[in-house]
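Survey of secondary and tertiary structure
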Amino acid sequence: MPEYEFVDVYVPRGVSRKEATRLLTDHAEYGHWELDRLSLHADGSRRVRLRRRIIRQVRATW
């Protein structure tokens, strides 16, 4: 079962759709995040939850 770490990003209502897309694309490209959940609120703000897989290294035994 993979383990994930999460980060919540709040995008205020004044941010255009294009700017929000650029912000999330940067997170995905440089931080290896993927979209987990997006909530669009009535006031136009967005709450985005991103996730990325935690890779655990196993210590090699000699």
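Refer to the structure above for everything that follows.
An account of the accompanying structure is given in this report.

Here arginine 46 lies in strand β3 (residues 46-54). Look at arginine 46: it is buried, it has no salt bridge, and the nearest opposite charge is glutamate 19 at 8.2 Å. In this structure arginine 46 touches Val9, Tyr10, Val11, Val15, Arg17, Ala20, Ser39 and Leu40, once residues within four positions along its chain are discounted.

By convention here, two paired aromatic rings are described through the distance between centres and the angle between planes. Summed over all chains, the structure comprises zero aromatic pairs. In this structure, arginine 49 packs its charged tip against the face of phenylalanine 6, placed 5.4 Å from the ring centre. Note that arginine 51 overlies the ring of tyrosine 4, its terminal NZ or CZ placed 4.3 Å from the centroid.

What follows concerns the nonpolar core. Grouped burial of nonpolar side chains is what soluble globular proteins tend to show. The biggest cluster of nonpolar side chains holds six residues, and these are Val9, Val11, Ala20, Trp33, Val48 and Leu50. With residues near it in sequence (within four places) discarded, valine 11 still touches Ala20, Leu23, Ser45, Arg46 and Val48.

Turning our attention to the pattern of salt bridges. Where charged atoms from two side chains of opposite charge approach closely, those side chains can pair. A full pass over the atoms with the stated rule returns five salt bridges. The salt bridge partner of aspartate 8 is arginine 49, with a shortest N-O separation of 3.0 Å. Here arginine 49 lies in strand β3 and aspartate 8 lies in strand β1 (residues 3-11), a separation of 41 residues in the sequence. Owing to a relative accessible area of 47%, aspartate 8 belongs among the partly exposed residues under this scheme.

Definitions and limits used
Residues numbered from 1 in each chain as written. Predicted model: local features only at pLDDT ≥ 70, side-chain atom pairs only at ≥ 80, totals over all residues. Heavy atoms only, no water. Helix = DSSP H or I, 4+ residues; strand = E, 2+ residues; numbered from the N terminus. Buried < 20%, exposed > 50% of the residue type's maximum accessible area, 1.4 Å probe, protein only. Lys, Arg positive; Asp, Glu negative; His and termini not counted. Salt bridge = Lys/Arg side-chain N within 4 Å of Asp/Glu carboxyl O. Contact = heavy atoms within 4.5 Å. Phe/Tyr/Trp six-rings, centres within 6.5 Å; stacked < 30°, edge-to-face > 60°. Lys NZ or Arg CZ within 6 Å of the ring centre and 35° of its normal. Core = buried A, V, L, I, M, F, W, Y, C linked by side-chain atoms within 4.5 Å.

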